[in-house]
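Breakdown of the fold
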Amino acid sequence: MEAISIFRYADRVVTRFLVAVVVGSVLFLARGVDASPQLAVARRFADHCTVCSTATSKNRSATAVSLRAFSWRPQVKAQNAVLRFSFVAGGDATITIRQSGNVISAKEIDGGVTFETEVSIAKLSRADVLSFETNRDARWLDPVILVPATDPRPNILIICVDTLRADRLGGSNNAMPKTRKWMQRGARFTRAYANAPWTLPSITTILTGVVPGIHNAGRRTDLGPAPKQYDLRPTPGKAGYRLTLIGRTYEFRRLSPAVPTLAEMLGEAGYYTAALHQNGYLDFPIDSLRGFDLAYHYPGMGESGTPRALDWLAKNRNTRFAMFLHYIDVHQWPVEIPQELRAIPEPKLTAEQRAKLGSLYDKQCAITDDYIDRVLSELDQAGALANTIVVITSDHGEAIAEYGRLDGHGAGVQENILRVPLGFFGPGIKPSTIDTRVSLRSIVPTLLDYARVPARAELTQRNMRPVIEGRPGRDRDFVSEFVLYGDDQAAMYSGRWKYVDGEEGKEFLYDVHADPAALNDVGAANREVLDRLHRAFRKQQIQELERLKAQRDEGITLTPETVESLRSLGYLGGS
Ligand SMILES: [Zn+2]
(Lines give C-alpha, C1' and ligand atoms only; values in the text may rest on other atoms or scores of the structure.)
Protein backbone atom coordinates (compact mmCIF):
# COMPACT_ATOMS: atom_id res chain seq x y z
CA MET A 1 0.00 0.00 0.00
CA GLU A 2 1.38 3.38 -0.98
CA ALA A 3 0.40 4.91 2.36
CA ILE A 4 3.71 3.59 3.64
CA SER A 5 5.48 6.27 1.64
CA ILE A 6 4.13 8.96 3.90
CA PHE A 7 6.10 7.39 6.77
CA ARG A 8 9.23 7.57 4.70
CA TYR A 9 8.38 11.12 3.81
CA ALA A 10 7.81 11.99 7.47
CA ASP A 11 11.18 10.56 8.50
CA ARG A 12 12.95 12.55 5.85
CA VAL A 13 11.15 15.71 6.69
CA VAL A 14 11.82 15.52 10.42
CA THR A 15 15.54 15.68 9.75
CA ARG A 16 15.02 18.33 7.10
CA PHE A 17 12.84 20.33 9.39
CA LEU A 18 15.51 20.73 12.03
CA VAL A 19 17.96 21.89 9.39
CA ALA A 20 15.28 24.06 7.85
CA VAL A 21 14.60 25.98 11.04
CA VAL A 22 18.22 27.02 11.22
CA VAL A 23 19.25 27.31 7.56
CA GLY A 24 15.86 28.36 6.20
CA SER A 25 15.37 31.26 8.57
CA VAL A 26 18.92 32.45 8.06
CA LEU A 27 18.47 32.34 4.28
CA PHE A 28 15.16 34.18 4.35
CA LEU A 29 16.30 36.83 6.78
CA ALA A 30 19.63 37.25 4.99
CA ARG A 31 17.79 37.93 1.74
CA GLY A 32 15.53 40.38 3.45
CA VAL A 33 12.42 38.81 1.98
CA ASP A 34 9.16 37.77 3.52
CA ALA A 35 10.08 35.97 6.72
CA SER A 36 7.14 33.56 6.62
CA PRO A 37 8.39 30.15 5.56
CA GLN A 38 8.08 29.07 1.97
CA LEU A 39 5.73 26.14 1.64
CA ALA A 40 6.69 23.47 -0.84
CA VAL A 41 4.60 20.69 -2.31
CA ALA A 42 5.67 17.49 -0.60
CA ARG A 43 3.11 15.26 -2.18
CA ARG A 44 0.46 15.25 -4.85
CA PHE A 45 -2.39 12.85 -4.71
CA ALA A 46 -2.62 12.32 -8.46
CA ASP A 47 -1.31 8.80 -8.27
CA HIS A 48 -3.64 8.01 -5.43
CA CYS A 49 -6.92 9.13 -6.86
CA THR A 50 -8.70 6.22 -5.29
CA VAL A 51 -8.89 8.30 -2.13
CA CYS A 52 -10.76 11.09 -3.86
CA SER A 53 -14.24 10.73 -5.17
CA THR A 54 -15.93 13.42 -7.18
CA ALA A 55 -19.52 13.77 -8.22
CA THR A 56 -20.90 16.43 -10.50
CA SER A 57 -24.48 16.96 -11.39
CA LYS A 58 -26.09 19.82 -13.29
CA ASN A 59 -25.98 22.40 -10.53
CA ARG A 60 -23.74 20.87 -7.93
CA SER A 61 -20.31 19.44 -7.59
CA ALA A 62 -18.82 17.67 -4.63
CA THR A 63 -15.61 15.90 -3.82
CA ALA A 64 -14.63 13.90 -0.78
CA VAL A 65 -11.24 12.80 0.45
CA SER A 66 -11.03 10.01 2.97
CA LEU A 67 -7.98 10.35 5.16
CA ARG A 68 -8.19 6.73 6.20
CA ALA A 69 -6.03 5.76 3.29
CA PHE A 70 -3.23 7.93 4.65
CA SER A 71 -1.17 7.66 7.75
CA TRP A 72 1.14 10.16 9.34
CA ARG A 73 3.18 10.34 12.44
CA PRO A 74 2.70 13.01 15.08
CA GLN A 75 5.90 14.70 13.84
CA VAL A 76 4.12 15.77 10.66
CA LYS A 77 1.78 17.85 12.78
CA ALA A 78 4.72 19.65 14.27
CA GLN A 79 5.72 20.88 10.86
CA ASN A 80 2.54 22.81 10.22
CA ALA A 81 1.94 20.63 7.22
CA VAL A 82 -1.31 21.41 5.46
CA LEU A 83 -3.55 19.70 2.99
CA ARG A 84 -4.51 22.11 0.23
CA PHE A 85 -7.65 21.73 -1.85
CA SER A 86 -8.37 23.82 -4.92
CA PHE A 87 -11.02 24.02 -7.54
CA VAL A 88 -12.27 26.13 -10.41
CA ALA A 89 -15.96 26.91 -10.33
CA GLY A 90 -17.94 27.52 -13.48
CA GLY A 91 -19.46 30.68 -11.96
CA ASP A 92 -20.31 32.43 -8.70
CA ALA A 93 -20.88 29.73 -6.15
CA THR A 94 -21.20 28.86 -2.52
CA ILE A 95 -18.73 26.34 -1.20
CA THR A 96 -19.29 24.27 1.90
CA ILE A 97 -16.43 22.37 3.46
CA ARG A 98 -17.16 19.61 5.95
CA GLN A 99 -14.88 17.64 8.19
CA SER A 100 -16.59 14.35 8.90
CA GLY A 101 -20.01 15.89 8.49
CA ASN A 102 -19.35 19.09 10.47
CA VAL A 103 -19.30 22.29 8.47
CA ILE A 104 -15.92 23.96 8.99
CA SER A 105 -16.30 26.61 6.31
CA ALA A 106 -18.97 28.04 4.02
CA LYS A 107 -18.09 30.85 1.62
CA GLU A 108 -19.35 32.74 -1.39
CA ILE A 109 -16.83 32.68 -4.22
CA ASP A 110 -16.52 34.44 -7.57
CA GLY A 111 -16.98 32.46 -10.75
CA GLY A 112 -13.94 31.02 -12.44
CA VAL A 113 -11.58 31.96 -9.65
CA THR A 114 -9.62 29.13 -8.19
CA PHE A 115 -10.36 28.75 -4.57
CA GLU A 116 -7.93 27.21 -2.18
CA THR A 117 -8.47 26.12 1.32
CA GLU A 118 -5.84 24.64 3.52
CA VAL A 119 -6.54 22.32 6.36
CA SER A 120 -3.87 21.86 8.97
CA ILE A 121 -2.88 18.24 9.26
CA ALA A 122 -2.70 18.77 13.02
CA LYS A 123 -6.45 19.24 13.03
CA LEU A 124 -7.18 16.04 11.16
CA SER A 125 -7.52 12.50 12.27
CA ARG A 126 -7.34 9.30 10.28
CA ALA A 127 -11.04 8.75 10.63
CA ASP A 128 -11.85 12.06 8.97
CA VAL A 129 -13.49 12.52 5.62
CA LEU A 130 -13.12 15.99 4.11
CA SER A 131 -15.85 16.95 1.74
CA PHE A 132 -16.35 19.98 -0.45
CA GLU A 133 -19.58 20.90 -2.04
CA THR A 134 -20.49 23.73 -4.38
CA ASN A 135 -23.90 24.71 -5.63
CA ARG A 136 -22.69 24.66 -9.23
CA ASP A 137 -20.28 22.83 -11.56
CA ALA A 138 -16.66 22.83 -10.51
CA ARG A 139 -13.37 21.26 -11.50
CA TRP A 140 -11.43 19.82 -8.57
CA LEU A 141 -7.68 20.01 -8.68
CA ASP A 142 -5.37 17.42 -7.29
CA PRO A 143 -5.02 17.94 -3.51
CA VAL A 144 -1.46 18.48 -2.28
CA ILE A 145 0.35 18.29 1.04
CA LEU A 146 2.46 21.39 1.68
CA VAL A 147 5.30 21.50 4.16
CA PRO A 148 7.73 24.29 5.11
CA ALA A 149 10.52 24.21 2.56
CA THR A 150 13.87 23.08 3.82
CA ASP A 151 15.67 24.81 0.96
CA PRO A 152 13.90 27.97 -0.13
CA ARG A 153 14.07 28.50 -3.89
CA PRO A 154 12.98 31.39 -6.10
CA ASN A 155 9.45 31.49 -7.40
CA ILE A 156 9.02 31.61 -11.15
CA LEU A 157 6.71 33.78 -13.21
CA ILE A 158 6.69 33.51 -17.00
CA ILE A 159 4.66 36.24 -18.68
CA CYS A 160 4.01 35.42 -22.31
CA VAL A 161 2.35 38.08 -24.47
CA ASP A 162 0.99 36.23 -27.49
CA THR A 163 2.04 37.73 -30.85
CA LEU A 164 4.33 40.44 -29.46
CA ARG A 165 7.00 41.70 -31.83
CA ALA A 166 10.49 42.33 -30.48
CA ASP A 167 10.44 45.92 -31.78
CA ARG A 168 7.52 46.82 -29.49
CA LEU A 169 9.29 46.00 -26.25
CA GLY A 170 12.75 47.44 -26.05
CA GLY A 171 13.04 47.86 -29.79
CA SER A 172 12.46 50.80 -32.10
CA ASN A 173 8.85 51.34 -31.02
CA ASN A 174 8.43 51.62 -27.29
CA ALA A 175 4.78 50.56 -27.16
CA MET A 176 5.08 48.98 -23.70
CA PRO A 177 7.03 51.51 -21.60
CA LYS A 178 5.93 50.14 -18.23
CA THR A 179 6.86 46.56 -19.02
CA ARG A 180 10.11 47.79 -20.50
CA LYS A 181 10.90 49.53 -17.24
CA TRP A 182 10.36 46.30 -15.34
CA MET A 183 12.59 44.46 -17.78
CA GLN A 184 15.29 47.07 -17.30
CA ARG A 185 15.67 45.70 -13.77
CA GLY A 186 17.33 42.65 -15.27
CA ALA A 187 18.86 41.07 -18.35
CA ARG A 188 17.27 41.88 -21.71
CA PHE A 189 18.07 39.89 -24.82
CA THR A 190 18.03 41.98 -27.99
CA ARG A 191 18.17 39.00 -30.36
CA ALA A 192 15.74 36.36 -29.12
CA TYR A 193 13.89 34.06 -31.52
CA ALA A 194 10.84 31.85 -31.31
CA ASN A 195 11.33 28.23 -32.36
CA ALA A 196 8.05 28.26 -34.29
CA PRO A 197 5.95 30.97 -35.97
CA TRP A 198 2.68 30.14 -34.21
CA THR A 199 1.35 29.52 -30.73
CA LEU A 200 1.05 25.80 -30.20
CA PRO A 201 4.55 24.58 -31.12
CA SER A 202 6.24 27.72 -29.81
CA ILE A 203 4.61 27.71 -26.38
CA THR A 204 5.30 23.99 -26.12
CA THR A 205 8.97 24.81 -26.68
CA ILE A 206 8.83 27.58 -24.05
CA LEU A 207 7.38 25.02 -21.62
CA THR A 208 9.63 22.05 -22.47
CA GLY A 209 12.95 23.48 -23.68
CA VAL A 210 12.68 21.18 -26.67
CA VAL A 211 12.33 22.23 -30.33
CA PRO A 212 9.10 21.45 -32.23
CA GLY A 213 10.83 18.80 -34.35
CA ILE A 214 11.34 16.77 -31.19
CA HIS A 215 8.35 17.64 -28.99
CA ASN A 216 5.99 17.26 -32.00
CA ALA A 217 3.17 19.46 -30.65
CA GLY A 218 1.67 21.15 -33.69
CA ARG A 219 3.44 18.94 -36.23
CA ARG A 220 1.14 18.72 -39.26
CA THR A 221 0.50 16.01 -41.76
CA ASP A 222 -1.29 17.28 -44.86
CA LEU A 223 -4.20 14.95 -45.60
CA GLY A 224 -5.18 16.75 -48.79
CA PRO A 225 -7.99 19.00 -50.05
CA ALA A 226 -11.13 19.34 -47.96
CA PRO A 227 -14.63 20.25 -49.08
CA LYS A 228 -14.77 23.12 -46.58
CA GLN A 229 -12.51 26.15 -46.18
CA TYR A 230 -12.39 25.76 -42.41
CA ASP A 231 -13.54 23.13 -40.01
CA LEU A 232 -12.01 23.75 -36.63
CA ARG A 233 -13.83 20.89 -34.97
CA PRO A 234 -11.04 18.55 -33.93
CA THR A 235 -11.71 14.96 -34.84
CA PRO A 236 -9.53 12.05 -33.70
CA GLY A 237 -6.99 10.87 -36.25
CA LYS A 238 -4.49 8.06 -36.41
CA ALA A 239 -1.74 9.96 -34.61
CA GLY A 240 -3.40 13.15 -33.48
CA TYR A 241 -6.41 15.29 -34.20
CA ARG A 242 -7.64 16.62 -37.51
CA LEU A 243 -8.64 20.15 -38.51
CA THR A 244 -9.44 21.80 -41.81
CA LEU A 245 -7.59 25.04 -42.51
CA ILE A 246 -7.87 27.03 -45.76
CA GLY A 247 -9.43 24.14 -47.66
CA ARG A 248 -7.03 21.39 -46.59
CA THR A 249 -7.30 18.88 -43.77
CA TYR A 250 -4.32 18.42 -41.51
CA GLU A 251 -3.57 16.00 -38.74
CA PHE A 252 -1.81 17.60 -35.77
CA ARG A 253 0.29 15.61 -33.36
CA ARG A 254 0.44 16.09 -29.64
CA LEU A 255 3.38 16.67 -27.32
CA SER A 256 5.52 13.56 -27.32
CA PRO A 257 4.90 11.60 -24.09
CA ALA A 258 8.68 11.08 -23.93
CA VAL A 259 9.35 14.80 -23.43
CA PRO A 260 9.15 16.01 -19.81
CA THR A 261 7.68 19.47 -19.25
CA LEU A 262 8.96 22.36 -17.16
CA ALA A 263 5.84 22.09 -14.98
CA GLU A 264 6.56 18.42 -14.31
CA MET A 265 10.20 19.04 -13.46
CA LEU A 266 9.39 21.99 -11.19
CA GLY A 267 6.45 20.07 -9.71
CA GLU A 268 8.80 17.32 -8.61
CA ALA A 269 10.95 19.96 -6.93
CA GLY A 270 8.05 21.09 -4.77
CA TYR A 271 6.71 23.90 -6.93
CA TYR A 272 2.99 24.54 -7.06
CA THR A 273 2.30 25.35 -10.71
CA ALA A 274 -0.37 27.22 -12.63
CA ALA A 275 -0.88 28.11 -16.29
CA LEU A 276 -3.45 30.84 -16.94
CA HIS A 277 -3.89 31.27 -20.65
CA GLN A 278 -6.16 32.64 -23.31
CA ASN A 279 -5.41 30.74 -26.51
CA GLY A 280 -7.83 28.02 -27.57
CA TYR A 281 -5.05 26.04 -29.25
CA LEU A 282 -3.63 25.27 -25.83
CA ASP A 283 -6.93 23.59 -24.98
CA PHE A 284 -6.60 21.14 -27.82
CA PRO A 285 -5.75 17.66 -26.61
CA ILE A 286 -2.03 18.01 -27.24
CA ASP A 287 -0.72 18.13 -23.65
CA SER A 288 1.25 21.40 -23.96
CA LEU A 289 0.23 22.26 -20.41
CA ARG A 290 0.93 18.78 -19.09
CA GLY A 291 2.14 18.84 -15.48
CA PHE A 292 0.57 22.10 -14.29
CA ASP A 293 -1.39 21.76 -11.05
CA LEU A 294 -3.79 24.29 -12.53
CA ALA A 295 -4.22 24.74 -16.31
CA TYR A 296 -6.91 27.31 -16.74
CA HIS A 297 -8.28 29.01 -19.84
CA TYR A 298 -9.68 32.21 -18.43
CA PRO A 299 -12.68 33.78 -20.10
CA GLY A 300 -12.43 37.14 -21.87
CA MET A 301 -9.01 38.70 -22.30
CA GLY A 302 -6.39 40.27 -20.02
CA GLU A 303 -9.02 42.31 -18.26
CA SER A 304 -10.40 39.04 -16.94
CA GLY A 305 -7.12 37.15 -16.62
CA THR A 306 -5.23 39.78 -14.62
CA PRO A 307 -7.44 39.70 -11.50
CA ARG A 308 -7.46 35.91 -11.64
CA ALA A 309 -3.67 35.80 -11.84
CA LEU A 310 -3.40 38.27 -8.97
CA ASP A 311 -5.84 36.25 -6.93
CA TRP A 312 -3.85 33.06 -7.46
CA LEU A 313 -0.55 34.81 -6.77
CA ALA A 314 -1.89 36.40 -3.58
CA LYS A 315 -3.04 33.02 -2.30
CA ASN A 316 0.21 31.35 -3.22
CA ARG A 317 2.64 34.07 -2.18
CA ASN A 318 4.16 31.87 0.49
CA THR A 319 4.04 28.75 -1.64
CA ARG A 320 6.98 27.85 -3.84
CA PHE A 321 5.17 28.70 -7.05
CA ALA A 322 5.68 28.74 -10.81
CA MET A 323 3.15 30.51 -12.99
CA PHE A 324 2.81 30.72 -16.76
CA LEU A 325 0.67 33.77 -17.46
CA HIS A 326 -0.42 34.25 -21.03
CA TYR A 327 -2.07 37.32 -22.61
CA ILE A 328 -3.98 37.21 -25.90
CA ASP A 329 -4.96 40.90 -26.30
CA VAL A 330 -2.17 41.76 -28.77
CA HIS A 331 -3.00 38.69 -30.86
CA GLN A 332 -6.52 40.05 -31.30
CA TRP A 333 -5.49 43.40 -32.85
CA PRO A 334 -6.67 42.45 -36.40
CA VAL A 335 -10.32 42.52 -35.32
CA GLU A 336 -9.94 46.33 -35.23
CA ILE A 337 -8.70 46.59 -38.82
CA PRO A 338 -11.34 48.49 -40.82
CA GLN A 339 -12.83 46.72 -43.80
CA GLU A 340 -11.61 49.39 -46.25
CA LEU A 341 -8.00 48.61 -45.33
CA ARG A 342 -8.61 44.88 -45.64
CA ALA A 343 -9.55 45.43 -49.28
CA ILE A 344 -6.10 46.88 -50.16
CA PRO A 345 -3.24 44.52 -51.07
CA GLU A 346 -0.26 45.07 -48.75
CA PRO A 347 2.16 46.53 -51.35
CA LYS A 348 -0.39 49.20 -52.27
CA LEU A 349 -0.86 50.58 -48.76
CA THR A 350 0.11 54.23 -48.27
CA ALA A 351 2.47 55.29 -45.49
CA GLU A 352 -0.52 56.66 -43.63
CA GLN A 353 -2.42 53.39 -43.90
CA ARG A 354 0.62 51.46 -42.68
CA ALA A 355 0.91 53.80 -39.72
CA LYS A 356 -2.77 53.28 -38.96
CA LEU A 357 -2.26 49.50 -38.85
CA GLY A 358 0.75 49.93 -36.59
CA SER A 359 -1.22 52.11 -34.21
CA LEU A 360 -3.99 49.49 -33.95
CA TYR A 361 -1.39 46.94 -32.96
CA ASP A 362 0.28 49.36 -30.53
CA LYS A 363 -3.06 50.01 -28.85
CA GLN A 364 -3.31 46.35 -27.82
CA CYS A 365 0.32 46.47 -26.64
CA ALA A 366 -0.53 49.45 -24.41
CA ILE A 367 -3.51 47.62 -22.92
CA THR A 368 -1.34 44.60 -22.13
CA ASP A 369 1.37 46.89 -20.77
CA ASP A 370 -1.06 48.02 -18.07
CA TYR A 371 -1.99 44.44 -17.13
CA ILE A 372 1.62 43.37 -16.76
CA ASP A 373 2.45 46.51 -14.77
CA ARG A 374 -0.47 45.77 -12.46
CA VAL A 375 0.63 42.19 -11.82
CA LEU A 376 4.25 43.12 -11.18
CA SER A 377 3.42 46.18 -9.06
CA GLU A 378 1.16 44.17 -6.78
CA LEU A 379 3.74 41.42 -6.42
CA ASP A 380 6.38 44.05 -5.69
CA GLN A 381 4.27 45.78 -3.06
CA ALA A 382 3.68 42.43 -1.37
CA GLY A 383 7.44 41.82 -1.26
CA ALA A 384 7.05 38.76 -3.46
CA LEU A 385 9.29 39.97 -6.31
CA ALA A 386 12.34 39.80 -4.06
CA ASN A 387 12.25 36.04 -4.39
CA THR A 388 10.77 35.63 -7.88
CA ILE A 389 12.51 35.14 -11.21
CA VAL A 390 10.33 36.85 -13.79
CA VAL A 391 10.58 36.04 -17.51
CA ILE A 392 8.83 38.25 -20.04
CA THR A 393 8.56 37.07 -23.61
CA SER A 394 6.23 36.20 -26.50
CA ASP A 395 5.55 33.05 -28.47
CA HIS A 396 6.13 34.74 -31.88
CA GLY A 397 5.89 38.11 -33.57
CA GLU A 398 3.50 39.39 -36.21
CA ALA A 399 3.39 40.81 -39.72
CA ILE A 400 2.08 44.38 -39.77
CA ALA A 401 1.69 45.54 -43.37
CA GLU A 402 4.76 43.63 -44.56
CA TYR A 403 5.75 40.37 -46.23
CA GLY A 404 2.77 40.84 -48.53
CA ARG A 405 0.34 40.63 -45.64
CA LEU A 406 -1.75 43.08 -43.69
CA ASP A 407 -1.49 41.05 -40.49
CA GLY A 408 -0.82 37.60 -39.20
CA HIS A 409 1.69 34.91 -38.35
CA GLY A 410 1.93 31.16 -38.75
CA ALA A 411 2.50 31.13 -42.51
CA GLY A 412 6.17 32.15 -42.75
CA VAL A 413 9.47 32.46 -40.92
CA GLN A 414 10.34 36.12 -41.54
CA GLU A 415 12.31 38.07 -38.93
CA ASN A 416 9.43 40.08 -37.46
CA ILE A 417 7.45 36.85 -37.10
CA LEU A 418 10.24 34.98 -35.31
CA ARG A 419 11.93 37.75 -33.29
CA VAL A 420 10.46 38.21 -29.83
CA PRO A 421 11.22 40.16 -26.67
CA LEU A 422 12.94 38.25 -23.88
CA GLY A 423 13.99 39.43 -20.46
CA PHE A 424 14.76 37.96 -17.04
CA PHE A 425 14.76 39.82 -13.77
CA GLY A 426 14.80 38.80 -10.14
CA PRO A 427 17.18 38.01 -7.30
CA GLY A 428 20.81 37.96 -8.40
CA ILE A 429 20.16 39.36 -11.88
CA LYS A 430 21.76 42.72 -12.58
CA PRO A 431 20.54 45.11 -15.28
CA SER A 432 22.15 44.35 -18.62
CA THR A 433 21.49 44.27 -22.34
CA ILE A 434 22.60 41.06 -24.03
CA ASP A 435 23.20 40.93 -27.77
CA THR A 436 23.91 37.19 -27.90
CA ARG A 437 21.42 35.42 -30.19
CA VAL A 438 19.27 32.89 -28.36
CA SER A 439 16.06 31.00 -29.01
CA LEU A 440 13.20 30.41 -26.60
CA ARG A 441 14.20 26.81 -25.99
CA SER A 442 16.81 28.26 -23.64
CA ILE A 443 14.21 29.45 -21.14
CA VAL A 444 13.63 26.03 -19.55
CA PRO A 445 17.26 25.15 -18.76
CA THR A 446 17.84 28.67 -17.43
CA LEU A 447 14.86 28.48 -15.09
CA LEU A 448 15.79 24.97 -13.97
CA ASP A 449 19.21 26.32 -13.01
CA TYR A 450 17.66 29.16 -10.96
CA ALA A 451 15.27 26.64 -9.36
CA ARG A 452 18.22 24.33 -8.63
CA VAL A 453 16.62 21.45 -10.48
CA PRO A 454 19.07 19.14 -12.27
CA ALA A 455 18.46 19.09 -16.03
CA ARG A 456 19.27 16.65 -18.79
CA ALA A 457 22.53 17.34 -20.61
CA GLU A 458 20.87 18.46 -23.84
CA LEU A 459 19.00 21.11 -21.88
CA THR A 460 21.94 22.24 -19.77
CA GLN A 461 23.99 23.22 -22.79
CA ARG A 462 21.37 25.86 -23.64
CA ASN A 463 21.38 27.38 -20.15
CA MET A 464 21.54 31.19 -20.41
CA ARG A 465 22.22 31.88 -16.74
CA PRO A 466 25.99 32.37 -17.20
CA VAL A 467 25.30 34.95 -19.94
CA ILE A 468 22.59 36.61 -17.85
CA GLU A 469 25.10 36.91 -15.04
CA GLY A 470 27.71 38.61 -17.19
CA ARG A 471 29.79 35.89 -18.83
CA PRO A 472 30.45 36.26 -22.55
CA GLY A 473 27.99 34.40 -24.75
CA ARG A 474 28.10 33.08 -28.27
CA ASP A 475 25.35 33.24 -30.85
CA ARG A 476 23.27 30.09 -30.83
CA ASP A 477 22.45 28.06 -33.93
CA PHE A 478 18.87 26.80 -33.99
CA VAL A 479 15.90 25.93 -36.13
CA SER A 480 12.47 27.60 -36.22
CA GLU A 481 9.93 25.29 -37.77
CA PHE A 482 6.29 24.16 -38.12
CA VAL A 483 3.89 26.52 -39.87
CA LEU A 484 0.14 26.50 -39.37
CA TYR A 485 -0.97 27.64 -42.82
CA GLY A 486 0.21 26.74 -46.30
CA ASP A 487 3.34 24.95 -47.42
CA ASP A 488 5.83 23.72 -44.84
CA GLN A 489 8.55 26.26 -44.14
CA ALA A 490 11.44 26.45 -41.71
CA ALA A 491 14.43 28.65 -40.92
CA MET A 492 17.84 27.49 -39.78
CA TYR A 493 20.14 30.04 -38.15
CA SER A 494 23.80 29.17 -38.33
CA GLY A 495 26.48 31.73 -37.52
CA ARG A 496 25.83 34.79 -39.68
CA TRP A 497 23.48 32.90 -41.98
CA LYS A 498 19.75 32.36 -42.03
CA TYR A 499 18.75 29.52 -44.33
CA VAL A 500 15.08 29.28 -45.27
CA ASP A 501 13.42 26.17 -46.60
CA GLY A 502 10.51 28.00 -48.19
CA GLU A 503 7.28 27.36 -50.04
CA GLU A 504 7.27 24.99 -53.00
CA GLY A 505 10.78 23.80 -52.15
CA LYS A 506 12.37 27.23 -52.76
CA GLU A 507 15.45 27.98 -50.70
CA PHE A 508 16.74 31.33 -49.48
CA LEU A 509 19.90 32.51 -47.78
CA TYR A 510 20.28 35.71 -45.77
CA ASP A 511 23.33 37.28 -44.20
CA VAL A 512 21.77 38.48 -40.95
CA HIS A 513 24.93 40.35 -39.91
CA ALA A 514 24.87 42.55 -43.01
CA ASP A 515 21.08 42.44 -43.43
CA PRO A 516 19.44 42.11 -39.97
CA ALA A 517 15.90 42.25 -41.42
CA ALA A 518 16.78 39.28 -43.68
CA LEU A 519 15.17 40.76 -46.77
CA ASN A 520 17.91 40.26 -49.40
CA ASP A 521 18.39 36.71 -50.62
CA VAL A 522 22.11 36.14 -51.18
CA GLY A 523 21.85 32.42 -52.02
CA ALA A 524 23.01 32.80 -55.62
CA ALA A 525 26.19 34.60 -54.55
CA ASN A 526 26.94 32.10 -51.77
CA ARG A 527 26.18 28.77 -53.39
CA GLU A 528 28.60 26.85 -51.19
CA VAL A 529 27.00 28.10 -47.96
CA LEU A 530 23.53 27.42 -49.32
CA ASP A 531 24.49 23.84 -50.20
CA ARG A 532 26.10 23.25 -46.82
CA LEU A 533 23.05 24.52 -44.93
CA HIS A 534 20.73 22.63 -47.26
CA ARG A 535 22.53 19.41 -46.33
CA ALA A 536 22.57 20.25 -42.61
CA PHE A 537 18.86 21.04 -42.68
CA ARG A 538 17.94 17.84 -44.56
CA LYS A 539 20.08 15.76 -42.19
CA GLN A 540 18.32 17.31 -39.24
CA GLN A 541 14.93 16.61 -40.82
CA ILE A 542 15.79 12.97 -41.48
CA GLN A 543 16.89 12.55 -37.87
CA GLU A 544 13.59 14.02 -36.70
CA LEU A 545 11.61 11.66 -38.91
CA GLU A 546 13.57 8.65 -37.73
CA ARG A 547 12.92 9.67 -34.13
CA LEU A 548 9.25 10.06 -34.96
CA LYS A 549 9.03 6.61 -36.53
CA ALA A 550 10.57 5.07 -33.42
CA GLN A 551 7.89 6.63 -31.22
CA ARG A 552 4.82 4.66 -30.45
CA ASP A 553 1.75 5.83 -32.32
CA GLU A 554 -0.62 6.67 -29.50
CA GLY A 555 -3.22 8.76 -31.25
CA ILE A 556 -5.46 11.17 -29.42
CA THR A 557 -8.83 10.40 -27.97
CA LEU A 558 -11.27 13.21 -27.53
CA THR A 559 -13.11 12.60 -24.29
CA PRO A 560 -16.67 13.93 -23.88
CA GLU A 561 -15.19 16.52 -21.45
CA THR A 562 -12.73 17.72 -24.09
CA VAL A 563 -15.45 17.97 -26.68
CA GLU A 564 -17.60 19.92 -24.22
CA SER A 565 -14.72 22.23 -23.29
CA LEU A 566 -13.97 22.92 -26.96
CA ARG A 567 -17.62 23.59 -27.64
CA SER A 568 -17.73 26.12 -24.82
CA LEU A 569 -14.74 27.88 -26.40
CA GLY A 570 -16.52 28.16 -29.70
CA TYR A 571 -14.47 25.56 -31.56
CA LEU A 572 -17.37 23.23 -32.17
CA GLY A 573 -20.71 23.63 -33.78
CA GLY A 574 -19.53 25.13 -37.04
CA SER A 575 -16.87 27.67 -37.80
ZN1 LIG B 1 0.65 32.82 -30.46
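Everything below is about the structure shown above.
Residues numbered from 1 in each chain as written. Predicted model: local features only at pLDDT ≥ 70, side-chain atom pairs only at ≥ 80, totals over all residues.

Most of helix H11 (residues 443-450) sits inside the fold, with seven of its eight residues counted as buried. Within the span of H11, buried status applies to Ile443, Val444, Pro445, Thr446, Leu447, Leu448 and Tyr450. Within two residues after H11, Arg452 carries a phi angle of roughly 55 degrees, on the positive side. (Buried ≥ 20, exposed ≤ 12 C-beta atoms within 10 Å, placed from the backbone. Helix = DSSP H or I, 4+ residues; strand = E, 2+ residues; numbered from the N terminus.)

Attention shifts here to the sheet that holds strand S29 (residues 507-511). Strands sit in the order S26-S27-S28-S29 across an open sheet of four strands; the sheet is antiparallel. Looking at strand neighbours, the two that pair on one side only are strand S26 (478-480) and S29, the edges of this open sheet. Pairwise comparison of adjacent strand axes, ignoring direction, gives a mean angle of 20 degrees for this sheet. For strand S27 (residues 490-494) and strand S28 (residues 497-501), the ladder comprises five bridges, and the chain directions are antiparallel. Bridging across to S28, Met492 finds its partner in Tyr499. Against the sheet, helix H14 (residues 527-550) makes contact with S26, S27, S28 and S29, and its axis sits at roughly 60 degrees relative to S28, the strand it touches most. (Pairing = 2+ DSSP bridges. Axes fitted to C-alpha atoms, helices over the stretch in contact; angles between N-to-C directions. Contact = placed C-beta atoms within 7 Å.)

A few words on the sheet that holds strand S13 (residues 220-225). The four strands lie next to each other as S13-S16-S15-S14, forming an open sheet whose pairing is antiparallel. With one partner strand each, in any of the chains shown, S13 and strand S14 (231-236) form the two edges of the open sheet. Taking each pair of neighbouring strands and ignoring which way they run, the sheet shows an average axis angle of 25 degrees. With five bridges connecting them, strand S15 (residues 241-245) and strand S16 (residues 248-252) associate as antiparallel partners. If you follow Leu245 over to S16, its bridge partner there is Arg248.

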